[in-house]
Amino acid sequence: MPGKIDDAQVRHIAMLSRLKPTEEEVRLFSEQLSTILAYFDQLSEVDTTQVPPTAHALPVSNVFRPDEPHVPFGPDQALANAPRRDGDFFAVPKVLDQESA
Amino acid sequence: MDRSKLKIRPIIGMEIHVQLATKTKLFCACPIEFGAPPNSRVCPVCLGMPGVLPVLNRTAYEHAVRTAIALKCEIARFTKWDRKSYYYPDLPKNYQISQYDLPLGFDGAFDVPVDDAAVSNAPADGAPADGEPEGGRPTDGGSASGRPESGVAAGLRTGRSPRKTSGTESTGYRRVGIIRAHLEEDAGKNLHEKPGITQVDLNRTGTPLLEIVTEPDLASADEAYNFCVELQRLVTYLGASEASMQKGQMRFEPNVNVAIEYDGREYRTPIAEVKNLNSFKAVRDAIRYEIERQVSEWMADPDYVINKRPKENRGWDDVRGVTEFQRGKEEAHDYRYFPDPDLVPVEVDDAWIESMKDSVGELPLERQARMSSEYGLSSADAATILADRATADLFEEAAEAGHPPTLGKQFISFWSAHANARNTTIAGLGIDAARLGELSKITADGLVNATAAAIIAEKMLSSSDTPTAIAQREGLIQTRDEGQVQAWVEEAFTKNEKAVQDALANPKKQQQARGFLTGQVMKISGGKADPKVVGKLIEEKLAKLSQDL
Ligand SMILES: [Zn+2]
């Protein structure tokens, strides 16, 4: 079921994710994503007119934690799986645009 | 086009992030510590590892709700958590947990003192408009300059009274609508100092922030400045935030545009949002710059109007004093919000909201008005005492047993000086209310004079004796026995013939000589003479001598 997600949408999402797919990948992903969405569309066959809208699947609210500190990771543990580190910092490719909000 | 023919009306709204005063992060128990070594206050939750479970910090929620109540917001009975997706190295999950369509607070208002008689002249809801002029609030550039950036919060600590500055009497309050207040987590820090790489420190990731968004109700850079100052004062008073500028605990993003009236028509410039300002001064300077820039751009280009140009983000360059266009933000505004499945909603009932309202109590502006009328304090002095809630509480307790106006003078003079010297607040000095009250009372009753009171205060810091006991021990009880004071006056006159001659016969030195003689009598008395009695007896003595000449 092609057409749910077009190539332009794939390119937009790729840009937001800082990915650079080839034209071939763009076509492939738009087909695959369309199929996935169509599969989820089966859910709309369920009659939900009697079901109140919800923001959460669990019938639970108000789960809190007291404001008490735990022992955090040290830098070595935190950086153990980092692809690249610089001293006690994570090192990432140079960020060129402005600081995030 | 003649600039002087334009009628310019700035339209300013604010977005503020306030770091809440919690020991731990919003959704994990990592301690929050400014200046800690990089990546030493992190755990799988705030590192964005897969499969972790965030759990909400109760204290953060309470601080946020209390602040929202103080901003007269409606408090949501039901709130949820949403993921705001964006891709940036300081946000390792690739989304920020925030509140999108159901913020915990909404539809509020905050009254800000402004220097404009045209706006409403009473603070809303409660504060009695007793007609007392606000003694020189920082309402204009001149009055506010020279203050430390964290001036209001640090008022008592620095010993400077931020409100006693100029003779400007502000007469009104600007009601600033609060659109919403919601909780969200902070991002980490990217450092760009090294060539070729960006260094990432995730200690700050997950720190609780309260985001407050106002209606565009502010009409000048100075009003925006006042708004920020008052907001800082409010959150520190509530104990909801330390609100330190140096630590970046308050960040401001003004939205600015200008309505220009020209030739019977009104034109509006496109809105500019100035990102991430971290001082009051930067807020004021950036807004002033924006107003001028937008008017100039419109004068040069008639298409520079709101419906022909997009909203733009701009960055403030503190060194050059200019704002600069920030490219590439428009397209990135595709946050794809959706409810966070890892976090359950928060539902509160009226009883809980009432208990939060009780814990908020009287707000600073209301309390300031009440305290100045109840205790005979100037508004400025009441504001200074109120900069710290525990100190204000201590004052009110001490005032019960003491002499309130004298107590007020002693609070803003030597008590705040002692607090300042010890880098604490007056409450932090640890002197109990009964002794504070007693010192003000024996001063007001004339048992000791003002100089002696300051000496007694110093002794009180290292002794738990009552002020009266200290005064007796140190021989500081004021003597009103005129016979005794007369003897001291005679002694001073005998020892200082030259000064007596000047006081009698040298018109140029008369005043100075009298002051000198008074000082000598006080010295001979060891500080015990009542200066009023001394002055009277010296006058009498000089009158008698001049008759005898
Ligand atoms: Zn953590």
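Parameters at a glance
- Residues numbered from 1 in each chain as written.
- Chains lettered and ligands numbered in written order.
- Predicted model: local features only at pLDDT ≥ 70, side-chain atom pairs only at ≥ 80, totals over all residues.
- Helix = DSSP H or I, 4+ residues; strand = E, 2+ residues; numbered from the N terminus.
- Buried ≥ 20, exposed ≤ 12 C-beta atoms within 10 Å, placed from the backbone.
- Contact = placed C-beta atoms within 7 Å.
- Pairing = 2+ DSSP bridges.
- Axes fitted to C-alpha atoms, helices over the stretch in contact; angles between N-to-C directions.
- Parallel < 35°, antiparallel > 145°, perpendicular 65-115°, else oblique.
- Left-handed = near helix turned anticlockwise from the far one by under 90°.
- Nonpolar A, V, L, I, M, F, W, Y, C, P; charged D, E, K, R; others polar.
- Domains from an automatic or database assignment.
- Expected span 1.5 Å × (residues − 1).
- Core = buried A, V, L, I, M, F, W, Y, C linked by C-beta atoms within 7 Å.
- pLDDT = per-residue confidence, 0-100.

Examining the overall build of chain B
Regarding its fold elements, chain B presents 18 helices and 20 strands. A total of 549 residues make up chain B; the buried ones form 47% of that total. A separation of at least 24 residues holds for 75% of the contacts in chain B among residues at least 6 apart in sequence.

Regarding the environment of Leu-476 of chain B
Residue and element names in this part refer to chain B. Mapped onto the secondary structure, Leu-476 falls in the loop between helix 14 (467–473) and helix 15 (482–495). Separated by 21 residues in sequence, Leu-476 and Ile-455 place their C-alpha atoms 8.8 Å apart. Ignoring anything within four residues of it in the chain, the contact list for Leu-476 reads Val-448, Ala-452, Ile-455, Ile-456, Ala-471, Gly-527 and Lys-528.

A look at the sheet that holds strand 6 (residues 95–98) of chain B
All names here are of chain B. On the basis of which strands lie adjacent, the open sheet formed by 3 strands has the order 6-5-19 and antiparallel pairing. Two strands in the sheet have a free side with no partner beyond their single neighbour: strand 6 and strand 19 (338–339). Bridge count for strand 5 (residues 82–85) against strand 6 is 4 bridges, and the pairing is antiparallel. Bridged to Ser-85 within strand 6 is Tyr-95.

Details of unusual backbone geometry
Located in the positive-phi region is Arg-18 of chain A, a residue other than glycine, with phi close to 55°. Position of Arg-18 of chain A among the secondary structure elements: in the loop between helix 1 (7–16) and helix 2 (23–40). When the 9 C-beta atoms within 10 Å are taken as the criterion, Arg-18 of chain A is described as exposed. With a phi close to 55°, Asp-263 of chain B is a non-glycine residue in the positive phi region. On the basis of neighbour counts, which here come to 8 C-beta atoms within 10 Å, the residue Asp-263 of chain B falls in the exposed class.

Overview of the packing of helix 1 (residues 58–70) of chain B against helix 4 (residues 221–238) of chain B
Residues and elements named next belong to chain B. At their nearest, the axes of helix 1 and helix 4 sit 10 Å apart, and the two run at 130° to each other. For the element pair helix 1 / helix 4, the angle class is oblique. With respect to the hand of their crossing, helix 1 and helix 4 are arranged in right-handed fashion. Between helix 1 and helix 4, the residues in contact are Arg-66, Thr-67 and Ala-70 and Leu-234, Val-235 and Leu-238, respectively. For the contact of helix 1 with helix 4, the per-class residue count stands at 4 nonpolar, 1 polar and 1 charged.

Observations concerning the domain arrangement of chain B
By a frequent convention, interface size equals the accessible area lost on bringing the separate parts together. What the domain assignment lists for chain B is domain 1 (10–115 + 176–339), domain 2 (388–473) and domain 3 (482–548). On a C-alpha basis, the centroid separation for the pair domain 1 of chain B and domain 3 of chain B is 65 Å.

A few points about helix 12 (residues 433–444) of chain B
Residues and elements named next belong to chain B. Here helix 12 spans 17 Å end to end across 12 residues, near enough to the 16 Å set by a 1.5 Å rise per residue. Every buried residue of helix 12 is accounted for by Arg-435, Leu-436, Gly-437, Glu-438, Leu-439, Ser-440, Ile-442 and Thr-443. Residues of helix 12 that are buried make contact with helix 10 (389–401), helix 11 (404–421), helix 13 (450–460) and helix 14. Count one or two residues on from helix 12 and you reach Gly-446, which has phi positive near 85°.

Section: the nonpolar core
Residue and element names in this part refer to chain B. Ranked by size, the top nonpolar core spans 116 residues in total, and within it Ala-64, Ala-224, Val-283 and Ile-456 carry the most contacts. For this core, the element with the highest residue contribution is helix 4, accounting for 11 residues. Lining this core are residues from two domains, each supplying at least three of them: domain 1 (10–115 + 176–339) and domain 2 (388–473). Ala-64 has contacts with Leu-20, Leu-104, Ala-181, Leu-183 and Leu-210, leaving out every residue within four places of it along the chain. Core analysis: the next-biggest nonpolar cluster, separate from the first, contains 14 residues, Trp-488, Val-489, Ala-503 and Ala-513 among them.

Points about the interface of chain B and chain A
Counting from both sides, the interface comprises 48 residues of chain B and, opposite them, 38 residues of chain A. Listed by contribution, the elements that provide at least two residues to the side of chain B that touches chain A are strand 2 (56–57), helix 1, strand 12 (197–201) and strand 20 (346–347) of chain B. In the side of chain B that touches chain A, the residues fall into 23 nonpolar, 15 polar and 10 charged. Across 4 bridges, the pairing between strand 3 (residues 89–93) of chain A and strand 12 of chain B is antiparallel. Bridging from a neighbouring strand, Phe-90 of chain A pairs with Val-200 of chain B of strand 12 of chain B.

Quick word on the environment of Asp-263 of chain B
Mapping Asp-263 of chain B onto the fold places it in the loop between strand 14 (250–262) and strand 15 (265–268). Considering only alpha carbons, one finds Asp-263 of chain B and Leu-6 of chain B, 257 residues apart in sequence, at a separation of 8.2 Å.

A look at the sheet that holds strand 3 of chain A
The antiparallel open sheet is built from 4 strands, whose spatial order is 2(A)-3(A)-12(B)-11(B). Looking along the sheet, the strands with just one partner apiece sit at the ends: strand 2 (85–86) of chain A together with strand 11 (189–191) of chain B.

Side note on the pairing of strand 18 (residues 322–325) of chain B
Residue and element names in this part refer to chain B. In terms of strand pairing, strand 17 (residues 312–317) meets strand 18 through 4 bridges, oriented antiparallel. If you follow Asp-317 over to strand 18, its bridge partner there is Val-322. Hairpin remark: strand 17 followed by strand 18, antiparallel, with 4 residues in the connecting loop; positive phi at Gly-321, about 70°.

Notes on the environment of Glu-396 of chain B
Among the secondary structure elements, Glu-396 of chain B is positioned in helix 10. Residue Glu-396 of chain B is classed as partly exposed on the basis of its C-beta count, with 18 C-beta atoms lying within 10 Å.

What about the confidence of the model for chain B?
Averaged over all residues, the pLDDT of chain B is 87; the fraction at 70 or higher stands at 89%. For this predicted complex, the interface confidence score (ipTM) comes to 0.86, while the overall pTM stands at 0.78.

Brief notes about the packing of helix 10 of chain B against helix 12 of chain B
Residue and element names in this part refer to chain B. Relative orientation of the contacting elements helix 10 and helix 12 amounts to 55°, with a least axis distance of 7 Å. Here helix 12 runs oblique to helix 10, going by the angle between their axes. You can see that helix 10 and helix 12 cross each other, and the crossing is right-handed. Counted together, Leu-394, Glu-397, Ala-398, Ala-399, Glu-400 and Ala-401 of helix 10 and Ala-433, Ala-434, Leu-436, Gly-437 and Glu-438 of helix 12 form the full contact between these two elements. Here the residues of the contact of helix 10 with helix 12 sort into 7 nonpolar, 1 polar and 3 charged.

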